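# Overview (structure and organization)
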Amino acid sequence: MAIRYTSSDCAALLEELRARSPLVQSITNAVVTNFTANVLLAVGASPAMVDIPEEAGQFASVASGVLINLGTPGQEQQTAMVEAVQAANAAGTPWVLDPVAVGSLTVRTELAHQLVTQRPHIIRGNASEIMALAGVGAGGRGVDSTEDPLSALEAAQHLAGSSGSAVAVSGAVDLLVGHGGQMIGVANGHALLTRVTGGGCALGAVMAAFASLTDDALIAATAATGVYTIAAEQAAEQAYGPGSFAVGFLDSLARIGPDDVLKTLDLRPVDAPGHAR
Amino acid sequence: MAIRYTSSDCAALLEELRARSPLVQSITNAVVTNFTANVLLAVGASPAMVDIPEEAGQFASVASGVLINLGTPGQEQQTAMVEAVQAANAAGTPWVLDPVAVGSLTVRTELAHQLVTQRPHIIRGNASEIMALAGVGAGGRGVDSTEDPLSALEAAQHLAGSSGSAVAVSGAVDLLVGHGGQMIGVANGHALLTRVTGGGCALGAVMAAFASLTDDALIAATAATGVYTIAAEQAAEQAYGPGSFAVGFLDSLARIGPDDVLKTLDLRPVDAPGHAR
Amino acid sequence: MAIRYTSSDCAALLEELRARSPLVQSITNAVVTNFTANVLLAVGASPAMVDIPEEAGQFASVASGVLINLGTPGQEQQTAMVEAVQAANAAGTPWVLDPVAVGSLTVRTELAHQLVTQRPHIIRGNASEIMALAGVGAGGRGVDSTEDPLSALEAAQHLAGSSGSAVAVSGAVDLLVGHGGQMIGVANGHALLTRVTGGGCALGAVMAAFASLTDDALIAATAATGVYTIAAEQAAEQAYGPGSFAVGFLDSLARIGPDDVLKTLDLRPVDAPGHAR
């Protein structure tokens, strides 16, 4: 079933984010911590990466939102993640799960399945990851996805239904699915985002920031995706390659305003498996 | 009591740094390691992050200066930090303590209090962190500080007196306090520095580089702050946002010379609690 | 003995890399993970940093190539490295060893000597590191090398012969030595590459990408060095300092084509210890 959010719903959330500057705890992989923190700062949130046992739970209970990204889940991070999720749930703090490269890698896959039962507000991944987490397919190769988001539509709906989470599937058209099966697409973005490490991972952190502003996890995921991918479009216009794109992307995230969202956001209804109109 | 360092004191130290290229061991948080190393390289120092037990002490005894930053103190890093501090003290290597987000997070707060007793040459933080470490206030939210440096003036003086360290408090006007209570302010800088992750953390590493050049920890902290914040001003002039600012900041750090310090450094006497003239 | 690879050998490998997009597992130090991943993405490879025990071996058996970089070898990474090397060797996956700062630091030095016996396809380091690994000299100070690559020529030949690996020594003219003693130099590059952290480390990852394309480890190391250093030259032309250089370097890596290699690659015969013609 298609859900008809509007650009102004998303623009209003961006305005709200700038006013509140939510504090986002990111327990994320070693490759993208720096980029993730800079993305959060640029968009107007306040980043903190508190990822050691004992402190992770302490911080999650005061954070506005939490990101759990499974990219490099060392022993201490695993403990910290479980602790942070428990504290976040106890405190009512929304959290986002990014099941990076789940499928054939056993440690993260087991952890991802365990965390899904704790009801993340949003689960974000590429098509391969979402399918693997839903029990369909064997996962992609590393962070790559060879699959179109729409190929993961049924998996995403199944996962959203069983977990109670909104599910976001990255791709040329991003697919967002609510826990009740509602669907919407975001058709903004640029391929250069796939040439910068953390291009997907940092979006998970931005979703955690937006999720702190509303009880509707699906609109939070949609607005985060919209703001993020519009900034990517703006940056791509000035870029000579992935290096200058990443720099310009941070500049754009800092400059993008509600008006840009109103003018540029390209929401697409999605209403049946396999069909985006 | 105000101390009257001059711009030429600071310019001379920059010249010295370029001539000696001090080797700075940075045991720092996962978010800012890359930026910190690039800042050190840009300013003319030589970075090394040796942060595992057994090696940390070996390296601290040959390093020119050491930074201990408590941003993400995992188990191995905690051991490495204690070891590095002992070796640094035994070898007479100056070291800097950055007590990131101390206050309510228990692991780092306990570690910070333990390390303060080992007499760091310089303690660097924002107002919330310095107040928390001095036992005043409960700390800020993560790396943010909602406090003006001058609000931490008494706490900084108390901490400097009890620890024997110079204390540096970041803010719009940076406040530097000597272990004997001497005070000075640096009024250079730009707000974009707070929009780049590691903007404060990397300054701690630069302080360790300058501390290797002189026995006067307060002038080292002052010169480091001056060079760093002047480079920020230069970079801000060309920046479109935090992404291009961070890039330009590294370029400026590499190009800034003693002449820029002589012309631009804005030192301010500070002589009574609450008063900067 | 000099080996006479041509620019077109190297250009053909770059074309091959773009066609195949090899999946490179990088178990590398905390300072350079982000830059390494971005370098791999820029040049056209697919990065993955799977560096925890149990998963590291699982991934190495499906990766196209593996980098083992000893810059910050924490306990879990040490286990993961040994596991990944065993799995890579079992699967016939080529792997590269970067013995960062070996010499006086005991943990990494012992590990490096152990890994050398597992026959890396390529060993990459600066002159100090290669000499230390070959048992000549005490190593440099951290990642710095004060030595010219040619001063490490005999050490590199000895190490190549004893390990069965190709040995790459970074410097103004990069020196490449085959396991049979064949030698070649690459005279491209720019000093700004030494002012960006990971400038050497990320080259190891690119070598792992090229090593996945051919059974000849020496031509892989040579082509990787050529592509990498030509991109550095291009980036240096537009750079104002190390910040803009790093950004432009990623842009150049993404844009460099076989034609650039044909036109610009400066291969130098090297045929006797101490003599590059």
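Refer to the structure above for everything that follows.
As the structure is a computational prediction, the values presented were derived from the model and not from experiment.

## Concerning the overall build of chain A
- Along its length, chain A carries eleven helices and ten strands.
- Relative to the compact-globule value of 19 Å for 277 residues, chain A shows a C-alpha radius of gyration of 17 Å, a close match.
- For chain A, the residues scored as buried account for 69% of the 277 residues in total.
- Long-range pairs, those at least 24 residues apart, make up 72% of the contacts in chain A with a sequence separation of at least 6.

## Quick look at the relation of the copies chain A and chain B
- Expressed as a screw transformation, the operator carrying chain A onto chain B has a rotation angle of 120° and an axial translation of 0.0 Å, and the superposed copies differ by an RMSD of 0.0 Å. Overall, the copies show the geometry of a three-fold rotation axis. For chain A, the smallest separation between a C-alpha atom and the rotation axis is recorded for alanine 30 of chain A, amounting to 4.0 Å.
- The fraction of interface residues of chain A whose copies in chain B are also interface residues is only 11%, indicating that the copies meet through different surfaces.

## Observations concerning the relation of the copies chain B and chain C
- If you rotate chain B by 120° and push it 0.0 Å along the axis, it lands on chain C with an RMSD of 0.0 Å.
- Take the interface residues of chain B: only 11% of them recur as interface residues in chain C, which is what a contact between different surfaces looks like.

## Thoughts on the interface of chain B and chain C
- Every contact between the two is made by 28 residues of chain B and, on the other side, 27 residues of chain C.
- Where the side of chain B that touches chain C is concerned, the elements lending two or more residues are α2 (33–43), β2 (46–48), α3 (55–60) and α10 (242–255) of chain B.
- A total of seven residues in the side of chain B that touches chain C trace back to one element, the largest contributor, which is α10 of chain B.
- Class assignment of the residues belonging to the side of chain B that touches chain C gives a composition of 16 nonpolar, six polar and six charged.

## What to know about the packing of helix α2 (residues 33–43) of chain C against helix α8 (residues 201–211) of chain C
Residue and element names in this part refer to chain C.
- α8 packs onto α2 with a crossing angle of 40° between their chain directions and a minimal axis gap of 9 Å. Compared by their axis directions, α2 and α8 come out oblique. Two packed elements cross with a definite hand, and for α2 against α8 that hand is right-handed. Taken together, the residues of α8 that come into contact with α2 (itself represented by Phe35, Thr36, Val39, Leu40 and Val43) are Cys201, Ala202, Ala205, Val206 and Ala209.
- For the contact of α2 with α8, the per-class residue count stands at nine nonpolar, one polar and no charged.

## Structural notes on the packing of helix α9 (residues 217–238) of chain A against helix α10 (residues 242–255) of chain A
All names here are of chain A.
- The contact between α9 and α10 brings their axes to 8 Å, and the two run at 130°. In terms of orientation, α9 lies oblique with respect to α10. As α9 runs across α10, the sense of the crossing is right-handed. Across the interface between the two elements, Ala231, Ala232, Gln234, Ala235, Ala236 and Gln238 from α9 touch Phe245, Gly248, Phe249, Ser252 and Leu253 from α10.

## Observations concerning the environment of valine 247 of chain B
- Relative to the helices and strands, valine 247 of chain B is located in helix α10.
- The sequence separation of valine 247 of chain B and threonine 197 of chain B amounts to 50 residues, and the corresponding C-alpha distance is 13 Å.
- If we ignore the near neighbours within four places in the chain, the residues touching valine 247 of chain B are Val247 of chain A together with Gly243, Ser244 and Val247 of chain C.

## So, unusual backbone geometry
- Positive phi values are uncommon outside glycine, yet serine 21 of chain A reaches one of about 45°.
- Among the structural elements, serine 21 of chain A can be located in the loop between α1 (7–20) and β1 (23–27).
- Its identity as a non-glycine residue notwithstanding, arginine 119 of chain C has a phi of 55°, on the positive side.
- Along the chain, arginine 119 of chain C turns up in the loop between α5 (106–116) and β5 (122–126).
- Assessed through the 15 C-beta atoms surrounding it within 10 Å, arginine 119 of chain C is described here as partly exposed.

## A word on the interface of chain A and chain B
- Listed by partner, the interface residues are 28 residues for chain A and 27 residues for chain B.
- Breaking the side of chain A that touches chain B down by element, the ones donating at least two residues are α2 (33–43), β2 (46–48), α3 (55–60) and α10 of chain A.
- Residue contributions to the side of chain A that touches chain B peak at seven residues, all from α10 of chain A.
- Class assignment of the residues belonging to the side of chain A that touches chain B gives a composition of 16 nonpolar, six polar and six charged.

## What to know about the environment of valine 136 of chain A
Residue and element names in this part refer to chain A.
- Looking at the element boundaries, valine 136 is found in the loop between α6 (127–133) and α7 (153–163).
- A sequence separation of 16 residues divides valine 136 from alanine 152, and the C-alpha atoms of the two residues are 8.8 Å apart.
- The residues contacting valine 136, other than those within four sequence positions of it, are Met131 and Ala155.

## Considering the environment of glycine 180 of chain C
Residues and elements named next belong to chain C.
- By the element assignment, glycine 180 lies in the loop between β7 (174–177) and β8 (183–186).
- The partly exposed category is assigned to glycine 180, around which 13 C-beta atoms lie within 10 Å.
- Sequence spacing of glycine 180 and alanine 166 is 14 residues, and the spatial spacing of their C-alpha atoms is 8.6 Å.

## Comments concerning the pairing of strand β6 (residues 166–170) of chain B
Residue and element names in this part refer to chain B.
- Burial analysis of β6 places five of its five residues in the buried class, the great majority of the element.
- Side chains Ala166, Ala168 and Ser170 project from β6 onto one buried face, and the interleaved Val167 and Val169 project onto a second face that is buried too.
- As paired strands, β6 and strand β7 (residues 174–177) are joined by three bridges and run antiparallel to one another. Note on β7: the bridge partner recorded for alanine 168 is leucine 176.

## Topic: the pairing of strand β5 (residues 122–126) of chain B
Residues and elements named next belong to chain B.
- Counting buried positions over the five residues of β5 gives five, a clear majority of the element.
- Along β5, one buried face is formed by Ile122, Arg124 and Asn126 and the opposite face, lined by Ile123 and Gly125, is buried too.
- Sheet topology places strand β4 (residues 95–98) next to β5; two bridges connect them, and they run parallel. Bridging across to β5, leucine 97 finds its partner in isoleucine 123.
- With respect to chirality, the unit in which β4 leads through helix α5 (residues 106–116) into the neighbouring parallel β5 is right-handed.

Quick notes on the rules
- Residues numbered from 1 in each chain as written.
- Chains lettered and ligands numbered in written order.
- Predicted model: local features only at pLDDT ≥ 70, side-chain atom pairs only at ≥ 80, totals over all residues.
- Helix = DSSP H or I, 4+ residues; strand = E, 2+ residues; numbered from the N terminus.
- Rg over C-alpha atoms; globule rule 2.2 N^0.38 Å.
- Buried ≥ 20, exposed ≤ 12 C-beta atoms within 10 Å, placed from the backbone.
- Contact = placed C-beta atoms within 7 Å.
- Least-squares fit on C-alpha atoms with pLDDT ≥ 70 in both.
- Nonpolar A, V, L, I, M, F, W, Y, C, P; charged D, E, K, R; others polar.
- Axes fitted to C-alpha atoms, helices over the stretch in contact; angles between N-to-C directions.
- Parallel < 35°, antiparallel > 145°, perpendicular 65-115°, else oblique.
- Left-handed = near helix turned anticlockwise from the far one by under 90°.
- Pairing = 2+ DSSP bridges.
- Right-handed = clockwise from strand over helix to strand, strands pointing away.

Purely geometric numbers; function is a separate question.
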